[in-house]
Amino acid sequence: MAGKVGRTTAAAAVSTGGSLISDAKLKQLYATMVQCRMLTERACRLRGQPRSDGLYAASMGQEAIATGCAIDLRPDDTIALAPHNSIASLVIGVPPADIVAQMYARRTAQGRSANIIMPSPTQDTQLALATSVALANKRKKKSNVVVAFGDKATTTLGCWHKALELAANKSLPIIFVVEDNRWTDPASFEANAEEKDSTAGFDPGGKARSYGFPTITVDANDVVAVYRVAYESVERARQGGGPVLVEGKPYRLYSLTKRRVANSAAPRGERDPLTRMERYLKTKRLFTPRWKNQLAHEFSQKLEAALKAAQKAQRAPQQ
């Protein structure tokens, strides 16, 4: 599938119990994160494109949570993207050309767009769609799952409470992924003010536990840890085990205004998910600078071709 890097089956990637991950899968995780980082870096350099500033630029540093949770999803699975983190669409195989075209506000019908719930002005709409798809899968006895990404602000909204309650009551095949960091778009938060839960700032994990389904906290800068948690959670949902909430604190490099931030006293290299994965791969003798450069070169060519096509389409007269 276009956009995937060396795809392997989940069964081959994770041993019984999810204790081991194959070398091929480890390299695929890293290669996918490199692509995501390059996409967001390129989006940061675009000027005047309505979908580049918010949806992609603010995703930099969140590659591990997106990659680990989405890389093994099947073509018929569904993802609901967070308001300001759309790189998961690249992870599941949407071609770079389609993604770049979307940055230029041009619609495309290719790729996996039919299985992606794009961010909406209010989270109520998006969460309702996500739970509706999961409910339809449940009723049709399909093994498909929904992965719904959200941020900390989302967990203070009344629609979040309703979504968790429905998922618990119906034992829906849905994974809620909360990217818990403080760089939330104030405008988006205010747009949802009427939906804000009366218990402001409640712990999303505590709310999930109160409904009786698992909450798993994971280091969202460690793609290996995220992948293990996501694999087990998705398999549980496929087998009828019901919903799971995954909480992680990713390392965001930029705020939504593209202002560089430092959300930890730890040096960048200790939290940046790509740097951490490089160190891990080196310990397993799976990483070389030459391989990294090759990955970057190949994806850069795809990105540049996609950008040229989008720019040419933008200049063409509209029919």
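Placed above this text is the structure.
Residues numbered from 1 in each chain as written. Predicted model: local features only at pLDDT ≥ 70, side-chain atom pairs only at ≥ 80, totals over all residues. Heavy atoms only, no water.

Caption draft 1: Summary view of the sheet that holds strand β1 (residues 78–80). Here six strands make up an open sheet; going across it, the order is β2-β1-β3-β4-β6-β5 and the pairing parallel. Each edge of the open sheet is held by one strand with a lone partner, namely β2 (116–117) and β5 (215–218). Where β1 lies against β2, two bridges are found, and the strand directions are parallel. From the neighbouring strand, isoleucine 79 faces β2, where its bridge partner is isoleucine 116. Relative to strand β3 (residues 146–151), helix α6 (residues 123–139) is tilted by about 160°, and along the sheet it contacts β1, β2, β3 and β4 (174–179). Here helix α7 (residues 158–170) sits on the sheet in contact with β4 and β6 (244–248), set at roughly 150° to β4. (Pairing = 2+ DSSP bridges. Helix = DSSP H or I, 4+ residues; strand = E, 2+ residues; numbered from the N terminus. Contact = heavy atoms within 4.5 Å. Axes fitted to C-alpha atoms, helices over the stretch in contact; angles between N-to-C directions.)

Caption draft 2: Spatial organisation of the packing of helix α2 (residues 23–45) against helix α12 (residues 273–283). Interhelical geometry of α2 versus α12 gives an angle of 155° and a closest axis separation of 10 Å. By the angle class used here, α2 and α12 are roughly antiparallel. Crossing hand, α2 versus α12: left-handed. Facing Leu26, Leu29, Tyr30, Met33, Val34 and Arg37 of α2, the residues of α12 in contact are Pro273, Leu274, Met277, Glu278, Tyr280 and Leu281. Looking at side-chain class alone, the contact of α2 with α12 contains ten nonpolar, no polar and two charged residues. (Parallel < 35°, antiparallel > 145°, perpendicular 65-115°, else oblique. Left-handed = near helix turned anticlockwise from the far one by under 90°. Nonpolar A, V, L, I, M, F, W, Y, C, P; charged D, E, K, R; others polar.)

Caption draft 3: Local environment of the pattern of salt bridges. Applying the stated rule across the entire model yields eight salt bridges. A salt bridge links arginine 37 to aspartate 272, with the nearest nitrogen and oxygen atoms 3.2 Å apart. Remark: aspartate 272 occurs in the loop between α11 (268–271) and α12 and arginine 37 occurs in helix α2; sequence separation between them is 235 residues. Comparing arginine 37 with aspartate 272, the two get one shared label, buried. (Salt bridge = Lys/Arg side-chain N within 4 Å of Asp/Glu carboxyl O. Buried < 20%, exposed > 50% of the residue type's maximum accessible area, 1.4 Å probe, protein only.)

Caption draft 4: Quick look at the pairing of β3. The element β3 is largely enclosed, with a buried count of six among its six residues. Residues Val146, Ala148 and Gly150 point to one face of β3 and Val147, Phe149 and Asp151 to the other, with burial holding for every one of them. Direction of pairing for β1 relative to β3: parallel, over a ladder of three bridges. Residue pairing across strands places isoleucine 79 opposite valine 147, the latter belonging to β3. Bridge analysis of β3 against β4 gives six bridges, and the strand direction is parallel. Bridging from a neighbouring strand, glycine 150 pairs with valine 178 of β4. Considered for its hand, the β-α-β crossover made up of β3, α7 and β4 is right-handed. (Right-handed = clockwise from strand over helix to strand, strands pointing away.)

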